Structures are given as structure tokens and as C-alpha cells.
Amino acid sequence: MKRILLLHTGGTISMSTDQRTGAVKPTEEHPLHQYSHLFEENIEISEEDIFHLPSPHVTLHNMLDMQKRLIKAIDEEHFDGAVITHGTDTLEETAYFLDLTLDSPFPIVLTGAMRPTDELGSDGVSNLQNAIWTALSMDSKDKGILVVMNEEIHTARYVTKTHTTNIATFRTPTFGPIGIVSKHKVRFFQKLVFDETYPVKSISKNVCLLKAFAGMDSTLFDALASTNIDGLVIEALGAGNLPPATLPGIKRLLNNNVEIVITSRAFSGIAQDIYAYKGGGKHLKELGAIFAPGLTGIKARIKLQVILEQDNADDLIKQCFD
Ligand code: ASP
């Protein structure tokens, strides 16, 4: 009999609707517990409620707790796969944190729901079912942490939430999902070309994220220069450019030894140093900023955090981004 570790962390998938006000709220008893019997034919499921958090409350420390629970499962328990249910707002951040910090012999799949379990057309139970099938599939091994939502299988590295309420919210811009779950069958069509994992035992660094805009100046960068941040990710314009008025603030941060990583605020495509004008990507790179091609700002922020926690961060930082 195959064994699945099912970790619940909260999110809409664990909430119900107040019929009078329409507000969606956490409940005493996880609503998915009543569906466990649906999945238990020929599978043994070990279910744990490790948190009961709306995902905007999830911190890097919570992510580290999830990672530690999974390391215990990898080292000491004999599971064939693990599924984590999670709020969708920050699901992609937790998924990528686990992807960067875990080397698992069995598949680990994150899922959630856009509609609470008691709402008409709720996606929670079917997403959970698809996530369990994906975690059980031999084909899911060695593909990094996976995100299964709305019958699609995405990589933790590239998936992102694209819609506030629609159940087809999780997408992988530029590269597409790597597989689908269709009528109980798990099928893969693509694979990532490289894996990377870094051990992380604690969270000690402070990494922030800013989005660039037309006419941006140094105000926000100057404000950050008076804090104790260790790293900053910027969702820059287009392929990775910034308005010239940001440069004094950028230089101040670089002089303070703050690592600056450039991504793009564009929905698709990758950040690259193309333009040589003032504030263009080539200029930013010359000043000491690092490009993160293919990663969104929120993923680059998780990666910069993980890299800065490494003992050899100074050597690693350039080689593992660009
Ligand atoms: N706000 C909710 C959360 O992330 C949304 C969801 O789970 O879909 O916890």
C-alpha cells in the first residue's frame, strides 16, 4: 500500500463561507477531513494540520518549519509522496522555497483552492485529488516541487498566481505547465533543464522587493538605505531597465553592500542586460546589479534569501543567478 503525507497549512481550501455575510473564514475543523475517505482506497494517508494560516500570514519561518517537517519525512519516514495544502496568495513562494531547499526522493506537490469547500463549484476536493495522484505517480519524481491546480502541473520555479478569483489562476508564463492531470491520469510533457538545492537551517537575512514605475526616483531606495536590508530585488521595466533618477539610490545601496537583483515587471519573457543607456540593463550590471533571467520578482526574492543564508554566499551569488 502506498503512503502519502498530507500536510494542511490553511488557505481558502481550509475555510468556509459565512452564509449570512458571504465572508470567507477559517473553520474549527478542516473541511477536507470529511473527504479523506475518498482518497483512501489503496492509499494510506497520514494527515497533519501543521498550521491553520491564511497564506498572507505565512512567513519564511513558517516555510522553514514546513521544510523541516518534510526533511523528517524524507530521513525517517517511508512515504511515497507528500501533498501540502496552502492558501493560494503565497503558495508560489512556499513552493519555490521548498524547491530550493529540499532534495526529496519522493514527489512533493502543493495545492490549494480558489473557492471554499462549501461554495458551489468548489475546486478544493478535485485539486486535492489531482495533487494526490500526482504525488503518487512515478513520473513525478525528480521534477522538483510541483504545484497542481485546475488539472495542470506546474514547476514551483516558474508558476505564478495570475487572477484574483478565477479557478484557472495558476499559470506558467513563457514556459507553460509541464503536465496535466486528466481523468485520473498524470501526464508530463516537459522537464526543467537543471535542478538546484541549497541547505537552509535558519532565516537571518532581510530581503525586500520593489516594483519600478515610470518616473521612479531614489526616494524608496534612499529609505531602504537607512535600514538593515541585506538584499533587494527590483521588478524593473521591460527587459530590466530603470529610470535614471533611481541611480543615486541604487548606488547608495550597492555601496552599503546590499545585493541588488534585477527581474522584470513584464508578465512574460526574461530579464536581460540589453540596453546601454543611463539606467539600462547594461549600465545596472556594470554598477554591480545581478540579473535573474526567467524568475519573477517574488521568486527571485525567495532565491536571494536562500543564497544569502549560505556560508559562501559571496561566491555563489553571481553564478547561481545569471
Ligand atoms: N487569501 C487566501 C489565502 O491565500 C486565498 C486562497 O487560499 O485562495 O489564504
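Here the structure is a predicted model, which is why all the values come from computation and not from measurement. (Residues numbered from 1 in each chain as written. Predicted model: local features only at pLDDT ≥ 70, side-chain atom pairs only at ≥ 80, totals over all residues. Heavy atoms only, no water.)

## Quick look at the sheet that holds strand E4 (residues 43-49)
Sheets are built from strands that pair by backbone hydrogen bonding, the pairs being arranged parallel or antiparallel.
Here comes step 1: Taken in spatial order, the eight strands line up as E4-E1-E5-E6-E7-E8-E11-E12 in an open sheet, and their pairing is mixed. Strands with a single pairing partner mark the edges of an open sheet, and in this sheet they are E4 and strand E12 (185-188). Between one strand axis and the next, the sheet turns by 25° as a mean value, whatever way the strands run.
Here comes step 2: When strand E11 (residues 179-182) meets E12, the two strands line up antiparallel, connected through four bridges. For Gly-179, the partnering residue across the bridge sits in E12 and is Phe-188.
Here comes step 3: On top of the sheet, helix H2 (residues 60-76) reaches strand E1 (2-8), E4, strand E5 (81-85) and strand E6 (108-111); it is set at about 170° to E1, its chief contact.
Here comes step 4: Helix-sheet contacts for helix H3 (residues 91-101) involve E5, E6 and strand E7 (146-149), and the interaxial angle to E6 is about 170°. (Pairing = 2+ DSSP bridges. Helix = DSSP H or I, 4+ residues; strand = E, 2+ residues; numbered from the N terminus. Axes fitted to C-alpha atoms, helices over the stretch in contact; angles between N-to-C directions. Contact = heavy atoms within 4.5 Å.)

## What to know about the packing of helix H8 (residues 297-308) against helix H9 (residues 313-321)
Here comes step 1: Here H8 crosses H9 at 150°, and the two axes come no closer than 9 Å. With respect to each other, H8 and H9 are oriented roughly antiparallel. Helix-helix and strand crossings are classified by hand; for H8 and H9 the assignment is right-handed. Touching Ala-300, Lys-303, Leu-304, Ile-307 and Leu-308 of H8 are Ala-313, Leu-316, Ile-317, Cys-320 and Phe-321, all from H9.
Here comes step 2: By residue class, the composition of the contact of H8 with H9 is nine nonpolar, no polar and one charged. (Parallel < 35°, antiparallel > 145°, perpendicular 65-115°, else oblique. Left-handed = near helix turned anticlockwise from the far one by under 90°. Nonpolar A, V, L, I, M, F, W, Y, C, P; charged D, E, K, R; others polar.)

## Let's talk about the pattern of salt bridges
A side chain with one charge can pair with a side chain of the opposite charge if their charged atoms come near.
Here comes step 1: All told, the structure shown has nine salt bridges when counted by the stated rule.
Here comes step 2: The residue Arg-69 makes a salt bridge to Glu-77 at a minimum N-O spacing of 2.9 Å.
Here comes step 3: We note a salt bridge from Asp-222 to Arg-252, for which the minimum N-O separation is 2.3 Å. With Asp-222 in helix H5 (residues 219-225) and Arg-252 in helix H6 (residues 247-255), the pair connects residues that are 30 residues apart, well separated along the chain.
Here comes step 4: A residue is classified by how much of its surface remains accessible, and Arg-252, at 39% relative accessible area, is partly exposed.
Here comes step 5: The network of salt bridges with common partners includes Glu-48, Arg-69 and Glu-77. (Salt bridge = Lys/Arg side-chain N within 4 Å of Asp/Glu carboxyl O. Buried < 20%, exposed > 50% of the residue type's maximum accessible area, 1.4 Å probe, protein only.)

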